[in-house]
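# Structural overview for review
So the chains spell out like this:
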Amino acid sequence: MRRRLNELMLVIAIAIVSGIGSALIAMDLSRDSAALSIGPWQAASPASGSEGNPYRRAAAATGDGIPLGTDEGIAFLARSDSAGEPLDGRCDYEVSGQAPSAALWTFTVYDGEERLMDNPAGRTGFHSREILRREDGSFAILVSAGPRPGNWLPVASASEMTFAFRLYDAAFGAGIGGTERPMPEIVAVGCR
Amino acid sequence: MRRLGAIIVAGLLGGVVVHILAVLAYPALGGRDLWSELEAYGPPSAFALVPQPTDGGESPSYLDPNMIHAICRTDLAESPHRVGLDLNVPFWSLGVFDRRGRSVYGLNSTTAGESGLDLLLIASRDLEALRTAPPDVVDEVVLVDLPADPVVVVLRAFVPDPTLAPTVAAEVRAAECASAGDLEPAIVTPDPLPGPAE
């Protein structure tokens, strides 16, 4: 009798561990595959209530911050540069290229704790209406500790960084695959 | 040894059932609760400004510093809600999210085509009653048909330059998000009964 009970407990334990564990892994994978990624930039999956498979629905029920609806815009985050190296406050970066067409875009730098990066100049980003552009419409933002000519974003952090690129009223929906969409490149131009 | 194999197989079969139940139940049980997350910013049925990171104190993670954000929590099961705004900024956007933070409606200044906007967020079941006895106000507002659930309205107003922040904040503060109580009599009693209106 005692042995029977132990065996039953073992069956239940295996069921719970394997069931919950595989569900969490599947949701995590689903979150990644639901995300739209262009180079180092990743957009959160569009979290529409009723559509999609159950895994995506479950994955979409997580998230933080104030949400951005698909009819409002799309927010991309980058935690690594175009070469795949994690963004580091001790390195200088050039974020350059073209932006997809949108009514407005903003570029913002955050520290490793999801907060705006603190710096003496009080500048934490650029937006499409103030940025200096080249003749062909492309732009380059220099994220660097030392002063740089042009669109200079001072860095006063020695930790990880996250770049955000938000496209408001973007011309493309998040459901459309976007490898050919122009998103700026993030290139490390030197580390201290 | 054979017995151990049977136990593992039975456990894994049970795991399949647990897996399916866990994935289906997660959106309803776990996940985020946007409504409660935003409770600290102000009472329901009114726009509340979300503090900017530069104001000091706690602000939500990954907030766009170029935008002034305001949120309004309303329950459409109680009554329809009216959202009115007039923002003289280069860009604004409005999103409506369910309790769990999933988008149910959204638009922006480009799609709206003008600076001002008057919306009536209304539950589908109230909309039916409204159609049978439309009050005059229906002609002036854009009807947004939503489930009869709590919703979170998020308003973003673009601040092109930090010096304009106080002006934009004042315009956002003037935005209206209120229970459309004046519509209720018409909705609750659609029958055109003789006598004075309630």
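Provided above is the structure to which this section pertains.
Below, the structure is looked at part by part. (Residues numbered from 1 in each chain as written. Chains lettered and ligands numbered in written order. Predicted model: local features only at pLDDT ≥ 70, side-chain atom pairs only at ≥ 80, totals over all residues.)

### A short note on the overall build of chain B
Looking only at helices and strands, one finds six helices and nine strands in chain B. The buried share among the 198 residues of chain B stands at 36%. Considering only residue pairs separated by 6 or more positions, chain B has 71% of its internal contacts joining residues 24 or more positions apart. (Helix = DSSP H or I, 4+ residues; strand = E, 2+ residues; numbered from the N terminus. Buried ≥ 20, exposed ≤ 12 C-beta atoms within 10 Å, placed from the backbone. Contact = placed C-beta atoms within 7 Å.)

### A few points about the nonpolar core
In this structure, A:Phe163, B:Val153, B:Leu155 and B:Ala157 are the most contacted members of the largest nonpolar core, which totals 75 residues. Ignoring any residue separated from it by four or fewer positions in sequence, one finds B:Leu155 in contact with B:Phe47, B:Ala70, B:Leu85, B:Trp92, B:Leu94, B:Val172 and B:Ala175. One finds A:Ile14, A:Met27, B:Ala22 and B:Val23 within the second-largest nonpolar core, a separate group that totals nine residues. (Core = buried A, V, L, I, M, F, W, Y, C linked by C-beta atoms within 7 Å.)

### Observations regarding the sheet that holds strand β5 (residues 103-108) of chain B
Residues and elements named next belong to chain B. Across the sheet, which stays open at both edges, the five strands sit in the order β1-β2-β8-β4-β5 with antiparallel pairing between neighbours. Each having just a single partner strand, β1 (48-49) and β5 make up the two edges of the open sheet. Two elements, strand β4 (residues 92-98) and strand β8 (residues 150-158), share seven bridges in a ladder whose sense is antiparallel. Looking at β8, one finds that Ser93 is bridged to Arg156. On the sheet, helix α5 (residues 165-173) packs against β1, β2 (67-75) and β8 and is oriented at approximately 15 degrees with respect to β2. (Pairing = 2+ DSSP bridges. Axes fitted to C-alpha atoms, helices over the stretch in contact; angles between N-to-C directions.)

### Some thoughts on the pairing of strand β3 (residues 81-86) of chain B
Where β3(B) and strand β6 (residues 116-123) of chain B come together, six bridges link them in antiparallel fashion. The residue of β6(B) that forms the bridge with B:Val83 is B:Leu119.

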